[in-house]
Amino acid sequence: MIGAVKASLVLSVELHVHSSLSYDGRDSVDALLERAQNASLDALAITDHDEFDASREAVEKAPAYDLVGIPGMEVTSDAGHVLALGISEAIPSGLPFVETLDRIHDQGGIAVVPHPFQESRSGVMANISRVELARADAIEVYNSRLLTGYANKQAREFATEHGIPMTAGSDAHIAEMVGRAITNVDADERSVEAILSAIAEGRTEIEGKRTPWHISFKQAAGGAKRRVRSRLADFLE
């Protein structure tokens, strides 16, 4: 008797989103989840800058929006940004790049490097070698906030050359941009574990549209204002 073939699901996954807990984010967890639901996504990872609380909240609330909530954060290593997905506790900022990856793996998570060739946005390639970058579990090869697309091209070429799994992310800092870039994941089931395992195995397809320039500038300007307010509030405490 021939064994049954295990069915798989192609899930639409948004892996790079910021809430108001990020210094440059604007919207609440519920606003982001609602937008993801309206965009017919299957899963969402809120990845705030060096903050984990909003992601925890999203994981708890996601089922009410018929979504899988993936725990994560965007960690600022000493080399630049790293997406930590599938973690259970916050990863400290400021650690060396390789140690940051190790800390993520220690929690059973996967390390995805976003916009690695975009030096102006804390891309790691300004500070690490190509050998070190190749240690990532996956590379974000489509970030919808890159204006020219050249850095995306570099990331895709690197991932292809080294056989590294590829992801996409909207890098949304406002709810309207959630789902602008997604990773279609060929998962065994609709769960965090199955999604992350499939990503690590390279069972992904990339889909995305560039964030309109005026929206990118608006997000950047709004983020700068919120950053100033946040730092001022910290100073006055």
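The structure we're discussing is the one just above.
Below you will find a few notes about this structure.

**With respect to the sheet that holds strand S6 (residues 110-113)**
Where strands meet in a sheet, backbone hydrogen bonds hold them as pairs that are either parallel or antiparallel.
Phase 1 of the analysis: Across the sheet, which stays open at both edges, the five strands sit in the order S4-S5-S6-S7-S8 with mixed pairing between neighbours. Among the strands making up the open sheet, the edge pair consists of strand S4 (72-76) and strand S8 (166-169). With strand direction ignored, the average angle separating the axes of adjacent strands in the sheet is 35°.
Phase 2 of the analysis: Summarising the sheet, strand S7 (residues 138-143) and S8 pair through four bridges and their orientation is parallel. Each bridged residue has a counterpart across the sheet, and for Tyr142 the counterpart in S8 is Ala168.
Phase 3 of the analysis: Across the sheet, helix H3 (residues 97-106) is in contact with S4, strand S5 (81-85) and S6; its angle to S5 comes to roughly 10°.

**Considerations on the nonpolar core**
Phase 1 of the analysis: Grouped together as the largest cluster of nonpolar side chains are 29 residues, with contacts concentrated most on Phe97, Leu133 and Ile139.
Phase 2 of the analysis: For this core, the secondary structure elements donating two or more residues are S4, S5, H3, S6, S7 and helix H5 (150-162).
Phase 3 of the analysis: Non-local contacts of Phe97, meaning those with residues more than four positions away in its chain, are made with Ser77, Asp78, Ala79, Val82, Val113, Val124, Ile128, Glu132 and Leu133.
Phase 4 of the analysis: Among the nonpolar cores identified, the runner-up in size contains 20 residues, and Ile110, Val112, Leu196 and Ile199 belong to it.

**Looking at the pairing of S8**
Phase 1 of the analysis: Of the two faces of S8, the one lined by Met166 and Ala168 and the one lined by Thr167 and Gly169 are each fully buried.
Phase 2 of the analysis: In the classification by handedness, the crossover that spans S7, the intervening H5 and the parallel S8 is right-handed.

**Quick notes on the pairing of S4**
Within a regular beta strand, the side chains point alternately toward one face of the sheet and then the other, so they alternate between its two faces.
Phase 1 of the analysis: Most of S4 is tucked away: four of the five residues are buried.
Phase 2 of the analysis: Inspection of the sheet shows S4 paired to S5 by five bridges, in the antiparallel sense. Directly across from Gly72, in S5, lies its bridge partner Leu85.
Phase 3 of the analysis: With antiparallel pairing between neighbouring strands as the criterion, S4 and S5 make up a hairpin whose turn holds four residues, including Gly80 at a positive phi of roughly 145°.

Conventions used here
Residues numbered from 1 in each chain as written. Predicted model: local features only at pLDDT ≥ 70, side-chain atom pairs only at ≥ 80, totals over all residues. Heavy atoms only, no water. Pairing = 2+ DSSP bridges. Helix = DSSP H or I, 4+ residues; strand = E, 2+ residues; numbered from the N terminus. Axes fitted to C-alpha atoms, helices over the stretch in contact; angles between N-to-C directions. Contact = heavy atoms within 4.5 Å. Core = buried A, V, L, I, M, F, W, Y, C linked by side-chain atoms within 4.5 Å. Buried < 20%, exposed > 50% of the residue type's maximum accessible area, 1.4 Å probe, protein only. Right-handed = clockwise from strand over helix to strand, strands pointing away.

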